[in-house]
Amino acid sequence: MEEKRENRLVSFIKKYAAALLAGCVILLLAVYFINIIFVQNQKTAVSVLILEFMEDTSGLENQVREVLGTGGDEEIEIRTISAGVGANKAVALTWIRAEVVDVIIGEEEQMTEYAQAGYLKDLGSTEAEQPGAFLCGLAEYDKDGNVTGTGPESCFGKYAGEIAGVRMEKPVAGLADNASNVENALRLLNFFSEN
């Protein structure tokens, strides 16, 4: 009896294997195209990296969405990481190098370190217009990021006011050197510094 069932199962599989396989392939293709069209097709408005772990980023996401006036078809990416852990620093630098980060928010010391390593964009010489609003530094670096001497002062971060959910005493917001969404990132920096 058992042997008969096995024979029926084997003959069923042999008879309908091609149809089953074709059905699975069609189903996988449908899932793939639905994913591309509806999930991955969302345009990222801005991506923010916070160098402090936050469990809930919904308040910040809502604040960013409100500032930029983004709709539901645009994605706001908020990444948080505890920068005090050495392995996390490597993860953060990987995100920055992969061009998936536009705005970086951290403490003065962290932001100075990122600027010295060449990960933050020079925000120009607008310090004279708004004294005390920018985090600036004096240094010149070679292509490997080593300090080679004292160079012109460059401003690479703006002191931020209150940022939803961020518990830093004096946060600094900077623009990643290879930011993809520069216009939205600058709007966000200006908003944070005015708050």
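Heads up: these notes are all about the structure in this document. Computed from a predicted model, the values in this text were never measured in an experiment.

**What to know about the overall build of the chain**
When helices and strands are tallied, the chain shows five helices and six strands. Element order for the chain, N to C, with α for helix and β for strand: α-β-α-β-α-β-α-β-β-β-α. For the chain, restricting intrachain contacts to residue pairs at least 6 apart in sequence, the fraction spanning at least 24 positions comes to 66%. Of the roughly 12,100 Å² of accessible surface on the chain, 54% is carried by carbon and sulfur atoms.

**Here's the deal with helix H5 (residues 182-194)**
Three- or four-residue spacings in an α-helix give side chains the same orientation, since the helix completes a turn every 3.6 residues. Here H5 spans 18 Å end to end across 13 residues, near enough to the 18 Å set by a 1.5 Å rise per residue. Listed in full, the buried residues belonging to H5 are Asn184, Ala185, Leu188, Leu189 and Phe192. For H5, the buried positions fall inside an angular range of 140 degrees around the axis, keeping them on one side. Exposed and facing more than 90 degrees away from the buried side of H5 are Glu183 and Glu194.

**Some words on unusual backbone geometry**
Notably, Glu99 is not glycine yet its phi reads approximately 60 degrees, a positive angle. Glu99 gets classed as partly exposed once you look at its relative accessible area, which sits at 45%.

**A few points about a nonpolar patch on the surface**
A grouping of Leu9, Phe12, Ile13, Tyr16 and Leu20 is seen on the molecular surface, where their side chains present a nonpolar patch of about 480 Å² in accessible area. With a relative accessible area of 48%, Leu20 lands in the partly exposed category.

**A few points about the packing of helix H2 (residues 58-68) against H5**
Between H2 and H5, whose axes approach to 10 Å, the crossing angle comes to 110 degrees. With respect to H5, the element H2 is oriented roughly perpendicular. Here H2 contributes Leu60, Gln63, Val64, Val67 and Leu68 to the contact with H5, which in turn contributes Asn184, Arg187, Leu188, Phe191 and Phe192. Split into classes, the residues belonging to the contact of H2 with H5 amount to seven nonpolar, two polar and one charged.

**Structural notes on the packing of aromatic side chains**
The relative placement of two aromatic rings is captured by the distance of their centres and the angle of their planes. Tallying each qualifying case throughout the model produces two aromatic pairs. The interplanar angle of 55 degrees and the centroid separation of 6.0 Å between the aromatic rings of Phe191 and Phe192 together place this pair among those described as tilted. Assessed through its relative accessible area of 24%, Phe191 is described here as partly exposed. On the accessibility criterion, Phe192 (1% relative accessible area) is buried. The ring of Trp95 has Arg79 sitting right over it, with the charged end atom 5.4 Å from the ring centre. The ring of Tyr159 has Lys170 sitting right over it, with the charged end atom 4.8 Å from the ring centre.

**Side note on the environment of Ala45**
Relative to the helices and strands, Ala45 is located in strand S1 (residues 43-50). Take Ala45: its relative accessible area is 0%, and that puts it in the buried class. Taking the C-alpha atoms as reference points, Ala45 and Asp102, 57 residues apart in sequence, are found 9.6 Å from one another. Each residue touching Ala45, except ones within four places of it in the same chain, is listed here: Leu68, Thr70, Glu74, Glu75, Ile76, Asn181 and Asn184.

**Side note on the pairing of strand S3 (residues 103-106)**
Neither face of S3 is open: one carries Val103 and Ile105, the other Ile104 and Gly106, and all of them are buried. Sheet topology places S1 next to S3; three bridges connect them, and they run parallel. Each bridged residue has a counterpart across the sheet, and for Ile50 the counterpart in S3 is Ile105. One ladder, built from four bridges, connects S3 with strand S6 (residues 172-175); its direction is antiparallel. Among the inter-strand pairings, Ile104 is bridged to a residue of S6, identified as Gly174.

Thresholds, definitions, all that
Residues numbered from 1 in each chain as written. Predicted model: local features only at pLDDT ≥ 70, side-chain atom pairs only at ≥ 80, totals over all residues. Heavy atoms only, no water. Helix = DSSP H or I, 4+ residues; strand = E, 2+ residues; numbered from the N terminus. Contact = heavy atoms within 4.5 Å. Areas by Shrake-Rupley, 256 points an atom, 1.4 Å probe, with all protein chains shown as cover. Expected span 1.5 Å × (residues − 1). Buried < 20%, exposed > 50% of the residue type's maximum accessible area, 1.4 Å probe, protein only. Arc of directions from axis to C-beta. Patch = residues over 30% accessible without salt bridge, like charges linked within 9 Å, V, L, I, M, F, W, Y side chains within 5 Å. Salt bridge = Lys/Arg side-chain N within 4 Å of Asp/Glu carboxyl O. Axes fitted to C-alpha atoms, helices over the stretch in contact; angles between N-to-C directions. Parallel < 35°, antiparallel > 145°, perpendicular 65-115°, else oblique. Nonpolar A, V, L, I, M, F, W, Y, C, P; charged D, E, K, R; others polar. Phe/Tyr/Trp six-rings, centres within 6.5 Å; stacked < 30°, edge-to-face > 60°. Lys NZ or Arg CZ within 6 Å of the ring centre and 35° of its normal. Pairing = 2+ DSSP bridges.

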